[in-house]
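Read off the chains here:
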Number of protein chains: 2
Amino acid sequence: MARCRVITIGRQYGSGGREIGEKLAEKLGYTYYDTILLDKAAKDSGLTESIIARYDEKLADKWLNISLGMHGSDDIQKLPVPLRAVIGQFEAIRKIGQQGSAVIVGRCADHVLREDKNVLSVFIYAGLGQRIARVAERNDISRDEARKRIRNTDKKRAAYYEYYTDKEWGKSESYHLCIDSGFFGIDGTVEVLSACIQQQERKEDSQYK
Amino acid sequence: MARCRVITIGRQYGSGGREIGEKLAEKLGYTYYDTILLDKAAKDSGLTESIIARYDEKLADKWLNISLGMHGSDDIQKLPVPLRAVIGQFEAIRKIGQQGSAVIVGRCADHVLREDKNVLSVFIYAGLGQRIARVAERNDISRDEARKRIRNTDKKRAAYYEYYTDKEWGKSESYHLCIDSGFFGIDGTVEVLSACIQQQERKEDSQYK
């Protein structure tokens, strides 16, 4: 029997990553999560000390120990709000990973779930011209405005990813698969990713026989 | 009817790129070309002025004009041997591209054929540990020796690619698809690439109906 599986999607702004994630989830019968849903999950979750204790890498190195030291207390409520938010998001991703059958877009989900063998991590990109056209049309803005928005958003995404992981955002080696949605098209990308999942399931099936 | 198609493969040393290329070609009924075959094709081809004239980019900028100037002659035979070899390889790739139904490994084939809409460009990579194990076993050398060979070979490949193209070797955006053969396995990677070709053929079929 095929195992539960999670697909994490990193994406350049304007590459159609969200639409691809939604369509892929629908095709596979998986649940779709994006940054808005993850942020909501983070807000809803109570943050306990044991949750914090799991984040023993960069978070701990750069923020957590300092923050706890600063406050002279182990009271989670005294941690800076941005840190609590990130920990909450990561904890939400971890829970989703345990449930399986999910497509998660954004928020370093590939890094949070990196030890999980059932995760396929994907990065989606497209030519700048194609992304400008897409962003301009979708938001009814000028091409210049779209170009600025793409540059700023991608800069933030890269900074976020590289702050919390030890990998480079958008570099092929940081993911299992990187795909040009401008070349394959939105539906074509969904098809290729779906074929990847099927291939993985066949592999698992043969291993379990 | 599906169009003729070419798959170009760039690859990290030890990622199984050659084996994947061979198996993919066999599966699709395509002809397989690697660097050895391309080099042979280059040797066999007579280099004419009109061939040289096509290489109007970096080759021309960095080498060709200087070389022609140096010799004060347009005699192709007087060009430096390394330059003639590269031009010969690129010309061989161009001819293969026109024939179609081919898998080409190495030698910036993606760049040479970049204007051809029937080309799928792929980059294959794998975790360093997996590549070290593969190279050590295949060549019956120590892990340290394998590590050195990987580093040196990849350095040369990157330098070659970045000298003749305006793109970064191994960066996702330089290719249509980048795939981790350590994650998918050799046969799994062949399956995924084969699915990509099928997806492209379906797309073309629907466009031509």
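Since the model is a prediction, treat every value here as computed from it, not as a measurement.

Caption draft 1: Examining the interface of chain A and chain B more closely. With 26 residues of chain A in contact, the opposing surface of chain B contributes 26 residues. When the two sides are added together, the surface that chain A and chain B hide from each other amounts to roughly 2200 Å², 54% of it contributed by carbon and sulfur. Looking at the side of chain A facing chain B, the largest losses of area belong to H176, F183 and F184 of chain A, adding up to 27% of the total buried there. Linking chain A to chain B there are 2 salt bridges. Between E191 of chain B and R202 of chain A there is a salt bridge, with the nearest N and O atoms lying 2.2 Å from each other. Taken together, the links from chain A to chain B amount to 15 residue pairs in polar contact (both at pLDDT 80 or more). Going through the elements one at a time, β4 (119–125), β5 (177–180), α9 (181–184) and α10 (186–208) of chain A are the ones with two or more residues in the side of chain A that touches chain B. Tallying contributions element by element places α10 of chain A first for the side of chain A that touches chain B, with 9 residues. Sheet topology places β5 of chain A next to strand β5 (residues 177–180) of chain B; 3 bridges connect them, and they run antiparallel. The partner of I179 of chain A across the bridge, within β5 of chain B, is L177 of chain B.

Caption draft 2: Representation of the packing of aromatic side chains. Per the stated rule, a full pass over the model turns up 16 aromatic pairs over all chains. An angle of 25° between the planes, with centres 5.9 Å apart, marks the rings of Y161 of chain A and Y175 of chain A as stacked. Here Y161 of chain A, found in helix α8 (residues 143–164), pairs with Y175 of chain A, found in the loop between α8 and β5; they are 14 residues apart in sequence, far enough to count as distant. Residue classification places Y161 of chain A among the buried residues on the basis of a relative accessible area of 4%. Residues F123 of chain B and W169 of chain B carry aromatic rings whose centres are separated by 5.2 Å and whose planes lie at 85° to one another, so their mutual orientation is edge-to-face. You can see F123 of chain B sitting in strand β4 (residues 119–125) and its partner W169 of chain B sitting in the loop between α8 (143–164) and β5, a full 46 residues away along the chain.

Procedures and definitions
- In every chain, residue numbers begin from 1 and rise along the written sequence.
- Chain labels run from A onward and ligand labels from 1 onward, assigned in the order the entries are written.
- Only residues with pLDDT of at least 70 are given local features in this predicted model, and only at 80 or more are side-chain atom pairs given and counted; all residues enter the totals for whole chains, interfaces and linings.
- In computing side-chain values, all of the structure's heavy atoms are included and hydrogens and water are not.
- In this description, contact between two residues means that some pair of their heavy atoms is separated by no more than 4.5 Å.
- The buried area of a pairing is the accessible area, by a 1.4 Å probe, that goes missing from both parts when the two are put together, added over both.
- Each salt bridge in this description consists of a side-chain nitrogen of Lys or Arg and a carboxyl oxygen of Asp or Glu lying within 4 Å of one another.
- Residues adjacent in sequence count toward polar contacts only when both atoms are side-chain atoms; beyond that, a polar contact is any pair of N or O atoms within 3.5 Å, and within protein one must be able to donate a hydrogen and the other to accept it.
- Helical segments are the DSSP runs of H or I of at least four residues, strand segments are the runs of E of at least two, and each set is numbered from the N terminus.
- Strand pairing is assigned whenever DSSP detects at least two bridges linking the two strands.
- Aromatic pairing here means that ring centres of Phe, Tyr or Trp (its six-membered ring) are within 6.5 Å. Orientation follows from the plane angle: under 30 degrees is stacked, over 60 is edge-to-face, and everything else is tilted.
- Between buried and exposed lies partly exposed: a residue is buried under 20% and exposed over 50% of the maximum accessible area for its type, with that area taken using a 1.4 Å probe on protein chains only.

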